[in-house]
Amino acid sequence: MFITTHAALGALIAEQIPNHPIAAFVLGMASHFLSDIIPHGDLNLYKGFISGSKVKRAVAYVVVDGIAAIFFVMFIFNTKIFDHRLAISMGIAGGVLPDLLVAVYELFRVKGLSAFHRFHFFFHNLISGRHGDLPFASGSAMQLVFLAAVISRIG
Ligand SMILES: [Zn+2]
């Protein structure tokens, strides 16, 4: 899913447990794997990256996605959340970290991350790998709706 979607979900979960930043981190990370199970339209993009046929497109997507996530975090920290920032930060960190670790593995093949990489894609491809993914446009549209619903519940 979008990094922003994972960040928003992590923030929302953390908000439910504002005094437990470590639990917020752990649950934020768990929310990443669980939400990735929902087919969300990026499997072909990933395959294009792996096969080498659409590397620039995949990198462009990740860059835009990352920039959007930075703006999202600035947005919620400047408009919505005022007291429990540590837990919210930890929830966001847990929410986005899996994809960053996956990226580190893709780029540098760090051996210690290979099991984590498999673990991530076990969830990510649980449905989309067997039954097919959504087209990119509908997957993105679905995520935007999901994201709007999550953001509307934060703060
Ligand atoms: Zn992921």
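Residues numbered from 1 in each chain as written. Predicted model: local features only at pLDDT ≥ 70, side-chain atom pairs only at ≥ 80, totals over all residues.

**Quick notes on the overall build of the protein**
As a reminder of what qualifies: Helix and strand definitions follow DSSP, with helices as H or I runs of at least four residues and strands as E runs of at least two, each counted in order from the N terminus. Radius of gyration: over C-alpha atoms. The globule rule applied is 2.2 Å multiplied by the number of residues raised to the 0.38 power. Counting other C-beta atoms within 10 Å of a residue's own tells you its class, since 20 or more makes it buried, 12 or fewer makes it exposed, and anything in between is partly exposed; those C-beta atoms are placed from the backbone. Contact between two residues is assigned when their C-beta atoms, built from the backbone, lie within 7 Å.
Of regular secondary structure, the protein possesses eight helices and zero strands. Computed over the C-alpha atoms, the radius of gyration of the protein is 15 Å, within 12% of the 15 Å expected from 2.2 N^0.38 for a compact globule of 155 residues. Seen through its principal axes, the protein has C-alpha atoms that stretch 45 × 35 × 25 Å. Going through the 155 residues of the protein one by one, you find that 30% of them count as buried. Taking all contacts inside the protein whose residues are at least 6 apart in sequence as the whole, residues at least 24 apart take part in 78%.

**Considerations on the packing of helix α5 (residues 85–108) against helix α6 (residues 114–124)**
In helix packing, the relevant descriptors are the interaxial angle and the interaxial distance, both defined with respect to the helix axes. Stated precisely, the cut-off is as follows: Here the axes come from fitting lines to C-alpha atoms, over the contacting stretch only for helices, and the angles between their N-to-C directions go from 0 to 180 degrees. Should an angle fall under 35 degrees it is called roughly parallel, over 145 degrees roughly antiparallel, and 65 to 115 degrees roughly perpendicular, with every other angle called oblique. Should the near helix be turned counterclockwise from the far one by less than a right angle, the crossing is left-handed, whereas a clockwise turn marks it as right-handed. Under the grouping applied here, Gly and all other residues not named as nonpolar or charged are polar, the nonpolar ones being Ala, Val, Leu, Ile, Met, Phe, Trp, Tyr, Cys and Pro and the charged ones Asp, Glu, Lys and Arg.
Across the interface, α5 lies against α6 with an axial gap of 9 Å and an inter-helix angle of 125 degrees. Viewed along their axes, α5 and α6 adopt a mutual orientation that is oblique. Between α5 and α6 lies a crossing of left-handed hand. The segment α5 lies against α6, with Pro98, Leu101, Val102 and Tyr105 engaging Ser114, Phe116, His117 and His120. Partitioning the contact of α5 with α6 into residue classes produces five nonpolar, three polar and no charged.

**Examining the environment of Glu15**
Along the chain, the position of Glu15 falls in helix α1 (residues 3–16). Note: C-alpha distance between Glu15 and Arg85 (70 residues apart in sequence) is 9.1 Å.

**Things to note about the nonpolar core**
This is how it is decided: Here a nonpolar core is just a set of buried residues of the types Ala, Val, Leu, Ile, Met, Phe, Trp, Tyr and Cys, joined wherever their C-beta atoms sit within 7 Å.
The biggest cluster of nonpolar side chains holds 23 residues, and the ones touching the most others in it are Ala7, Ala8, Ala11, Ile13, Ala14 and Ala24. When contributions to this core are tallied by element, the ones reaching two or more residues are α1, α2 (21–36), α4 (55–79) and α5. Per element, the largest residue contribution to this core is eight residues, and it comes from α1. Filtering out sequence-adjacent residues up to four positions away, Ile13 remains in contact with Ala24, Leu27, Gly28, Ser31 and Gly91.

**Section: α5**
The line we're drawing: Expected helix span is taken as 1.5 Å per residue step, with the number of steps being one fewer than the number of residues. Note that the bend at a residue is defined as the angle between axes fitted to the seven residues ending at it and the seven residues starting at it.
The terminal C-alpha atoms of α5, which comprises 24 residues, lie 33 Å apart, in line with the 34 Å expected from a rise of 1.5 Å per residue. Along its length, α5 reaches its greatest deviation from straightness, about 40 degrees, at Leu97, and the proline Pro98 lies no more than four positions downstream. Among the residues of α5, those classed as buried are Ala87, Ile88, Ser89, Met90, Gly91, Ile92, Gly94, Gly95, Val96, Pro98 and Asp99. Those residues of α5 that are buried lie in contact with α1, α2, α4 and α6. One or two steps after α5, the chain reaches Arg109, where phi turns positive at roughly 50 degrees.

**Some words on the packing of α1 against helix α8 (residues 136–153)**
Running from N to C, α1 and α8 cross one another at 25 degrees; their axes reach a closest spacing of 9 Å. The pairing of α1 with α8 is recorded here as roughly parallel in orientation. For the element pair α1 and α8, the recorded crossing hand is left-handed. The segment α1 lies against α8, with Thr4, Thr5, Ala8, Leu9 and Leu12 engaging Gln143, Phe146, Leu147, Val150, Ile151 and Arg153. The residue makeup of the contact of α1 with α8, split by class, is seven nonpolar, three polar and one charged.

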